[in-house]
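# A closer look at the structure
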Amino acid sequence: MASDSDSGQVRLVGAIAGNQVAVGHGFDTIKTRLQCSPPGTYKGAVDCLLKTVRNESIFALYKGATPPAVGWAAIDSLLLGSLHNYRLFLIRHGLTEPTPGSPDVKRLTLVGHGIAGLFAGWTSALLATPMEQLKVKLQLQLQRSTANRVYKGPIDCLRQVVRAHGVLGLWTGFTGSLAFRSNFLWMFGSFEALMRAFSKLDGTPYAVSTPMANFLSGGLASFVYWIMAIPADNIKNRMMATPHNQPKPSFTATARQILAEGGFRGYYRGLGPTLLRAFPVNASALWVYEGLMRALGAEKVNPPLASLQDVAQTPNDTRAMPWEVVRIQSHAHHHTLRLHQCS
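Since we're looking at a predicted model, the values are computed, not measured.

Once that is clear, we can look at helix H5 (residues 110-139). The end-to-end C-alpha distance of H5 is 37 Å, clearly below the 44 Å that 30 residues give at a rise of 1.5 Å each. Remark: the principal bend of H5, roughly 45 degrees, maps to Leu 126, with a proline, Pro 130, within the next four residues. Of all 30 residues in H5, 23 are buried, a share of seventy percent or more.

Further remarks concern the packing of H5 against helix H8 (residues 184-199). Relative orientation and spacing of two packed helices are given, respectively, by the angle between their axes and the distance between those axes. Running from N to C, H5 and H8 point in directions that differ by 145 degrees, and their axes come no closer than 7 Å. Crossing hand, H5 versus H8: right-handed. Together, Leu 110, His 113, Gly 114, Gly 117, Leu 118 and Gly 121 of H5 and Phe 184, Leu 185, Phe 188, Gly 189, Glu 192, Ala 193 and Arg 196 of H8 make up the contact between the two elements. Of the residues belonging to the contact of H5 with H8, the class tally is 6 nonpolar, 5 polar and 2 charged.

Across all of its chains, the model carries 13 salt bridges by this definition. A salt bridge links Lys 63 to Glu 56; the nearest nitrogen and oxygen atoms lie 2.6 Å apart. Take Lys 63 and Glu 56: they sit in the same class, and that class is buried. For Arg 238, the salt bridge goes to Glu 261, with nearest N and O atoms at 2.8 Å. With a gap of 23 residues between them, Arg 238 in helix H9 (residues 210-241) and Glu 261 in helix H10 (residues 251-262) connect regions that are remote in the sequence. Classification of Arg 238 by relative accessible area gives buried; the value is 12%. Linked through salt bridges whose partners overlap, the residues forming this network are Asp 28, Lys 31, Glu 132, Lys 135, Arg 181, Asp 233 and Lys 236.

The rules behind each value
Residues numbered from 1 in each chain as written. Predicted model: local features only at pLDDT ≥ 70, side-chain atom pairs only at ≥ 80, totals over all residues. Heavy atoms only, no water. Helix = DSSP H or I, 4+ residues; strand = E, 2+ residues; numbered from the N terminus. Expected span 1.5 Å × (residues − 1). Bend = angle between axes of the 7 residues up to and from the residue. Buried < 20%, exposed > 50% of the residue type's maximum accessible area, 1.4 Å probe, protein only. Axes fitted to C-alpha atoms, helices over the stretch in contact; angles between N-to-C directions. Left-handed = near helix turned anticlockwise from the far one by under 90°. Contact = heavy atoms within 4.5 Å. Nonpolar A, V, L, I, M, F, W, Y, C, P; charged D, E, K, R; others polar. Salt bridge = Lys/Arg side-chain N within 4 Å of Asp/Glu carboxyl O.

Without other data, these values stay purely geometric and don't point to any function.
This is the structure we're talking about:
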(Lines give C-alpha, C1' and ligand atoms only; values in the text may rest on other atoms or scores of the structure.)
Protein backbone atom coordinates (compact mmCIF):
# COMPACT_ATOMS: atom_id res chain seq x y z
CA MET A 1 0.00 0.00 0.00
CA ALA A 2 1.33 3.41 -0.91
CA SER A 3 2.16 5.66 1.99
CA ASP A 4 -0.06 8.61 2.85
CA SER A 5 2.57 11.09 1.70
CA ASP A 6 3.04 9.28 -1.62
CA SER A 7 -0.71 9.08 -2.20
CA GLY A 8 -0.98 12.76 -1.40
CA GLN A 9 1.70 13.55 -3.98
CA VAL A 10 -0.12 11.53 -6.61
CA ARG A 11 -3.42 13.27 -5.88
CA LEU A 12 -1.68 16.66 -6.12
CA VAL A 13 -0.18 15.71 -9.48
CA GLY A 14 -3.60 14.56 -10.69
CA ALA A 15 -5.20 17.82 -9.61
CA ILE A 16 -2.62 19.89 -11.49
CA ALA A 17 -2.84 17.72 -14.60
CA GLY A 18 -6.66 17.86 -14.56
CA ASN A 19 -7.00 21.63 -14.92
CA GLN A 20 -8.36 21.53 -18.50
CA VAL A 21 -11.56 23.60 -18.51
CA ALA A 22 -10.08 26.68 -20.16
CA VAL A 23 -8.70 24.60 -23.03
CA GLY A 24 -11.70 22.49 -23.92
CA HIS A 25 -15.01 23.66 -22.50
CA GLY A 26 -16.20 25.42 -25.65
CA PHE A 27 -15.72 22.22 -27.66
CA ASP A 28 -17.54 20.30 -24.93
CA THR A 29 -20.54 22.65 -25.10
CA ILE A 30 -20.83 22.10 -28.87
CA LYS A 31 -20.55 18.34 -28.36
CA THR A 32 -23.20 18.29 -25.65
CA ARG A 33 -25.66 20.33 -27.72
CA LEU A 34 -25.16 18.09 -30.76
CA GLN A 35 -25.80 15.02 -28.62
CA CYS A 36 -28.78 16.20 -26.60
CA SER A 37 -30.74 18.52 -28.92
CA PRO A 38 -33.69 17.19 -30.93
CA PRO A 39 -32.73 15.72 -34.33
CA GLY A 40 -32.45 18.41 -37.01
CA THR A 41 -31.66 21.24 -34.59
CA TYR A 42 -28.12 21.58 -35.99
CA LYS A 43 -26.61 20.56 -39.32
CA GLY A 44 -23.28 19.87 -37.68
CA ALA A 45 -20.64 21.22 -35.34
CA VAL A 46 -19.97 24.41 -37.31
CA ASP A 47 -23.69 25.18 -37.57
CA CYS A 48 -24.06 24.64 -33.82
CA LEU A 49 -21.14 26.97 -33.14
CA LEU A 50 -22.49 29.72 -35.39
CA LYS A 51 -26.03 29.53 -34.00
CA THR A 52 -24.76 29.52 -30.43
CA VAL A 53 -22.56 32.58 -30.93
CA ARG A 54 -25.15 34.43 -33.03
CA ASN A 55 -28.07 33.84 -30.69
CA GLU A 56 -26.37 33.82 -27.29
CA SER A 57 -22.90 35.45 -27.73
CA ILE A 58 -19.44 33.90 -27.63
CA PHE A 59 -19.67 33.53 -23.86
CA ALA A 60 -22.44 30.94 -24.29
CA LEU A 61 -19.73 28.44 -25.17
CA TYR A 62 -18.75 28.60 -21.51
CA LYS A 63 -22.18 27.95 -20.08
CA GLY A 64 -21.84 25.27 -17.44
CA ALA A 65 -18.12 25.94 -17.00
CA THR A 66 -18.31 26.55 -13.26
CA PRO A 67 -18.97 22.95 -12.11
CA PRO A 68 -16.00 21.50 -14.03
CA ALA A 69 -13.80 24.46 -13.10
CA VAL A 70 -14.47 23.62 -9.46
CA GLY A 71 -14.67 19.85 -9.79
CA TRP A 72 -12.29 18.63 -12.50
CA ALA A 73 -9.18 18.99 -10.36
CA ALA A 74 -10.73 16.77 -7.67
CA ILE A 75 -12.10 14.29 -10.21
CA ASP A 76 -8.83 13.89 -12.08
CA SER A 77 -6.99 13.76 -8.79
CA LEU A 78 -9.20 10.81 -7.83
CA LEU A 79 -8.85 9.25 -11.29
CA LEU A 80 -5.06 9.44 -11.50
CA GLY A 81 -4.47 8.76 -7.81
CA SER A 82 -6.61 5.62 -7.89
CA LEU A 83 -5.02 4.60 -11.20
CA HIS A 84 -1.62 4.69 -9.54
CA ASN A 85 -2.80 2.59 -6.59
CA TYR A 86 -4.63 0.06 -8.77
CA ARG A 87 -1.40 -0.39 -10.75
CA LEU A 88 0.49 -1.06 -7.53
CA PHE A 89 -2.20 -3.50 -6.39
CA LEU A 90 -2.06 -5.46 -9.65
CA ILE A 91 1.74 -5.57 -9.58
CA ARG A 92 1.71 -6.92 -6.03
CA HIS A 93 -0.72 -9.62 -7.12
CA GLY A 94 1.48 -10.85 -9.93
CA LEU A 95 0.05 -9.27 -13.08
CA THR A 96 3.57 -8.63 -14.33
CA GLU A 97 5.94 -9.65 -17.10
CA PRO A 98 9.72 -9.43 -17.58
CA THR A 99 10.97 -6.20 -19.08
CA PRO A 100 12.66 -6.85 -22.45
CA GLY A 101 16.40 -6.67 -22.01
CA SER A 102 16.12 -6.77 -18.20
CA PRO A 103 14.54 -10.09 -17.21
CA ASP A 104 15.13 -9.38 -13.51
CA VAL A 105 12.93 -6.30 -13.75
CA LYS A 106 9.18 -6.82 -13.68
CA ARG A 107 6.65 -4.49 -15.26
CA LEU A 108 2.87 -4.36 -15.28
CA THR A 109 1.36 -6.04 -18.34
CA LEU A 110 -0.67 -4.11 -20.90
CA VAL A 111 -3.76 -5.97 -19.66
CA GLY A 112 -2.89 -4.76 -16.16
CA HIS A 113 -2.69 -1.16 -17.33
CA GLY A 114 -6.10 -1.55 -18.95
CA ILE A 115 -7.66 -3.09 -15.84
CA ALA A 116 -6.21 -0.33 -13.66
CA GLY A 117 -7.72 2.24 -16.02
CA LEU A 118 -11.09 0.49 -15.89
CA PHE A 119 -11.20 0.50 -12.08
CA ALA A 120 -9.93 4.09 -11.90
CA GLY A 121 -12.66 5.18 -14.29
CA TRP A 122 -15.34 3.54 -12.16
CA THR A 123 -13.89 5.14 -9.04
CA SER A 124 -13.89 8.62 -10.56
CA ALA A 125 -17.53 8.24 -11.63
CA LEU A 126 -18.56 8.75 -8.01
CA LEU A 127 -17.41 12.38 -8.14
CA ALA A 128 -17.86 13.01 -11.85
CA THR A 129 -21.58 12.19 -12.14
CA PRO A 130 -23.00 15.07 -10.04
CA MET A 131 -20.63 17.59 -11.59
CA GLU A 132 -21.37 16.44 -15.14
CA GLN A 133 -25.11 16.51 -14.55
CA LEU A 134 -24.99 20.17 -13.50
CA LYS A 135 -22.70 20.99 -16.42
CA VAL A 136 -24.93 19.33 -19.01
CA LYS A 137 -28.12 20.97 -17.77
CA LEU A 138 -26.51 24.41 -17.80
CA GLN A 139 -24.94 23.91 -21.23
CA LEU A 140 -28.31 23.14 -22.80
CA GLN A 141 -29.98 26.39 -21.76
CA LEU A 142 -30.33 28.39 -24.97
CA GLN A 143 -31.70 31.60 -23.47
CA ARG A 144 -29.42 34.62 -23.76
CA SER A 145 -30.64 36.27 -20.56
CA THR A 146 -30.10 34.59 -17.22
CA ALA A 147 -33.54 35.74 -16.08
CA ASN A 148 -35.20 33.59 -18.76
CA ARG A 149 -33.35 30.39 -17.91
CA VAL A 150 -34.74 27.51 -15.85
CA TYR A 151 -31.49 27.33 -13.88
CA LYS A 152 -29.99 30.64 -12.82
CA GLY A 153 -26.65 29.01 -12.06
CA PRO A 154 -25.07 25.81 -10.75
CA ILE A 155 -26.32 26.30 -7.16
CA ASP A 156 -29.87 26.89 -8.35
CA CYS A 157 -29.62 23.83 -10.61
CA LEU A 158 -28.39 21.71 -7.70
CA ARG A 159 -31.22 22.91 -5.48
CA GLN A 160 -33.89 22.12 -8.06
CA VAL A 161 -32.53 18.64 -8.74
CA VAL A 162 -32.32 17.82 -5.02
CA ARG A 163 -35.81 19.24 -4.41
CA ALA A 164 -37.25 17.03 -7.15
CA HIS A 165 -35.36 13.77 -6.58
CA GLY A 166 -33.48 14.07 -3.30
CA VAL A 167 -29.71 14.05 -2.94
CA LEU A 168 -29.42 10.85 -4.95
CA GLY A 169 -30.95 12.74 -7.86
CA LEU A 170 -27.52 14.28 -8.37
CA TRP A 171 -26.38 10.82 -9.49
CA THR A 172 -28.95 10.60 -12.29
CA GLY A 173 -27.07 9.05 -15.19
CA PHE A 174 -24.67 7.14 -12.95
CA THR A 175 -25.02 3.95 -15.00
CA GLY A 176 -24.20 5.96 -18.11
CA SER A 177 -21.22 7.47 -16.33
CA LEU A 178 -19.96 4.01 -15.37
CA ALA A 179 -20.29 2.82 -18.97
CA PHE A 180 -18.56 5.94 -20.27
CA ARG A 181 -15.70 5.84 -17.78
CA SER A 182 -15.13 2.13 -18.35
CA ASN A 183 -13.34 3.30 -21.46
CA PHE A 184 -10.37 4.50 -19.44
CA LEU A 185 -9.38 0.88 -20.00
CA TRP A 186 -8.62 1.89 -23.60
CA MET A 187 -7.09 5.22 -22.62
CA PHE A 188 -4.44 3.95 -20.27
CA GLY A 189 -3.92 0.63 -22.04
CA SER A 190 -3.22 2.37 -25.35
CA PHE A 191 -1.12 5.04 -23.62
CA GLU A 192 1.22 2.37 -22.26
CA ALA A 193 1.29 0.52 -25.59
CA LEU A 194 2.29 3.73 -27.36
CA MET A 195 4.95 4.50 -24.74
CA ARG A 196 6.45 1.06 -25.31
CA ALA A 197 6.37 1.60 -29.07
CA PHE A 198 8.20 4.92 -28.70
CA SER A 199 10.80 3.25 -26.47
CA LYS A 200 11.70 0.92 -29.35
CA LEU A 201 12.89 3.97 -31.27
CA ASP A 202 15.68 4.59 -28.75
CA GLY A 203 19.07 4.49 -30.42
CA THR A 204 17.60 5.29 -33.84
CA PRO A 205 17.41 8.65 -35.65
CA TYR A 206 13.69 8.73 -34.74
CA ALA A 207 14.14 8.51 -30.97
CA VAL A 208 12.09 10.95 -28.90
CA SER A 209 12.53 12.14 -25.34
CA THR A 210 10.37 10.72 -22.55
CA PRO A 211 8.38 13.99 -22.14
CA MET A 212 7.68 14.12 -25.88
CA ALA A 213 6.67 10.46 -25.84
CA ASN A 214 4.30 11.23 -22.93
CA PHE A 215 2.78 14.12 -24.90
CA LEU A 216 2.31 12.19 -28.15
CA SER A 217 1.09 9.03 -26.42
CA GLY A 218 -1.43 11.00 -24.37
CA GLY A 219 -2.83 12.71 -27.44
CA LEU A 220 -3.01 9.59 -29.58
CA ALA A 221 -4.44 7.49 -26.75
CA SER A 222 -7.23 10.05 -26.36
CA PHE A 223 -8.33 9.28 -29.94
CA VAL A 224 -8.61 5.59 -29.06
CA TYR A 225 -10.48 6.48 -25.89
CA TRP A 226 -13.06 8.73 -27.52
CA ILE A 227 -13.75 6.51 -30.51
CA MET A 228 -14.60 3.74 -28.04
CA ALA A 229 -16.33 5.99 -25.48
CA ILE A 230 -18.52 8.29 -27.57
CA PRO A 231 -21.56 5.94 -27.70
CA ALA A 232 -21.69 5.72 -23.90
CA ASP A 233 -21.05 9.47 -23.68
CA ASN A 234 -24.14 10.09 -25.81
CA ILE A 235 -26.25 7.89 -23.55
CA LYS A 236 -24.84 9.43 -20.38
CA ASN A 237 -25.42 13.01 -21.49
CA ARG A 238 -28.95 12.26 -22.69
CA MET A 239 -29.74 10.78 -19.28
CA MET A 240 -28.31 13.81 -17.50
CA ALA A 241 -30.09 16.24 -19.81
CA THR A 242 -33.51 14.98 -18.73
CA PRO A 243 -35.36 17.89 -17.05
CA HIS A 244 -35.40 17.62 -13.29
CA ASN A 245 -39.22 17.60 -13.20
CA GLN A 246 -39.39 14.39 -15.25
CA PRO A 247 -38.81 10.79 -14.10
CA LYS A 248 -35.20 9.64 -14.11
CA PRO A 249 -34.42 7.77 -17.35
CA SER A 250 -32.89 4.31 -17.55
CA PHE A 251 -29.74 3.46 -19.46
CA THR A 252 -31.44 0.97 -21.78
CA ALA A 253 -34.42 3.23 -22.53
CA THR A 254 -32.11 6.10 -23.42
CA ALA A 255 -29.99 3.84 -25.65
CA ARG A 256 -33.12 2.65 -27.48
CA GLN A 257 -34.31 6.24 -27.94
CA ILE A 258 -31.01 7.30 -29.54
CA LEU A 259 -31.11 4.26 -31.83
CA ALA A 260 -34.70 4.98 -32.86
CA GLU A 261 -33.96 8.64 -33.63
CA GLY A 262 -30.68 8.37 -35.47
CA GLY A 263 -29.73 4.75 -35.97
CA PHE A 264 -26.25 3.62 -35.00
CA ARG A 265 -24.85 6.93 -36.25
CA GLY A 266 -26.77 8.59 -33.44
CA TYR A 267 -24.35 7.11 -30.93
CA TYR A 268 -21.51 9.02 -32.58
CA ARG A 269 -23.02 12.48 -32.47
CA GLY A 270 -20.49 15.02 -31.25
CA LEU A 271 -17.43 12.96 -32.21
CA GLY A 272 -15.96 15.68 -34.47
CA PRO A 273 -15.54 18.45 -31.88
CA THR A 274 -14.54 15.84 -29.34
CA LEU A 275 -11.57 14.70 -31.43
CA LEU A 276 -10.52 18.29 -32.08
CA ARG A 277 -10.45 18.90 -28.35
CA ALA A 278 -9.03 15.52 -27.33
CA PHE A 279 -5.42 15.72 -28.50
CA PRO A 280 -4.32 19.04 -26.97
CA VAL A 281 -6.23 18.55 -23.71
CA ASN A 282 -5.17 14.97 -23.00
CA ALA A 283 -1.65 15.27 -24.38
CA SER A 284 -1.05 18.25 -22.10
CA ALA A 285 -2.65 16.58 -19.08
CA LEU A 286 -0.63 13.37 -19.35
CA TRP A 287 2.55 15.26 -20.14
CA VAL A 288 2.09 17.22 -16.90
CA TYR A 289 1.07 14.14 -14.89
CA GLU A 290 3.97 11.94 -16.00
CA GLY A 291 6.47 14.80 -15.69
CA LEU A 292 5.43 15.67 -12.16
CA MET A 293 5.38 12.01 -11.13
CA ARG A 294 8.99 11.75 -12.23
CA ALA A 295 9.96 15.04 -10.59
CA LEU A 296 8.32 14.21 -7.26
CA GLY A 297 9.36 10.58 -7.17
CA ALA A 298 5.77 9.82 -6.23
CA GLU A 299 6.03 6.22 -7.38
CA LYS A 300 8.01 4.98 -4.38
CA VAL A 301 6.15 2.53 -2.15
CA ASN A 302 6.83 0.04 0.61
CA PRO A 303 4.39 -2.90 0.39
CA PRO A 304 4.12 -5.80 2.85
CA LEU A 305 6.55 -8.67 2.40
CA ALA A 306 3.71 -11.14 1.91
CA SER A 307 2.74 -9.46 -1.36
CA LEU A 308 6.11 -10.16 -2.98
CA GLN A 309 5.55 -13.64 -4.33
CA ASP A 310 8.97 -13.95 -5.89
CA VAL A 311 11.02 -13.23 -2.75
CA ALA A 312 13.45 -16.10 -2.15
CA GLN A 313 13.20 -17.25 1.45
CA THR A 314 14.10 -20.51 3.09
CA PRO A 315 11.19 -22.32 4.82
CA ASN A 316 12.73 -21.84 8.27
CA ASP A 317 13.44 -18.14 7.89
CA THR A 318 10.79 -16.29 9.85
CA ARG A 319 12.49 -12.89 9.87
CA ALA A 320 10.77 -9.97 8.14
CA MET A 321 13.23 -9.32 5.32
CA PRO A 322 13.49 -5.60 4.48
CA TRP A 323 12.57 -5.64 0.81
CA GLU A 324 11.60 -2.43 -0.91
CA VAL A 325 9.71 -1.83 -4.10
CA VAL A 326 11.77 1.07 -5.30
CA ARG A 327 9.67 2.45 -8.11
CA ILE A 328 7.01 2.03 -10.71
CA GLN A 329 8.65 4.34 -13.16
CA SER A 330 8.86 5.37 -16.76
CA HIS A 331 12.29 3.91 -17.48
CA ALA A 332 12.90 3.75 -21.21
CA HIS A 333 9.22 4.69 -21.30
CA HIS A 334 8.12 1.67 -19.20
CA HIS A 335 6.35 1.39 -15.86
CA THR A 336 8.54 -1.16 -14.10
CA LEU A 337 8.74 -2.83 -10.72
CA ARG A 338 12.27 -2.99 -9.35
CA LEU A 339 12.99 -5.17 -6.31
CA HIS A 340 16.12 -4.67 -4.22
CA GLN A 341 17.03 -6.31 -0.93
CA CYS A 342 18.02 -3.58 1.50
CA SER A 343 20.99 -4.19 3.78
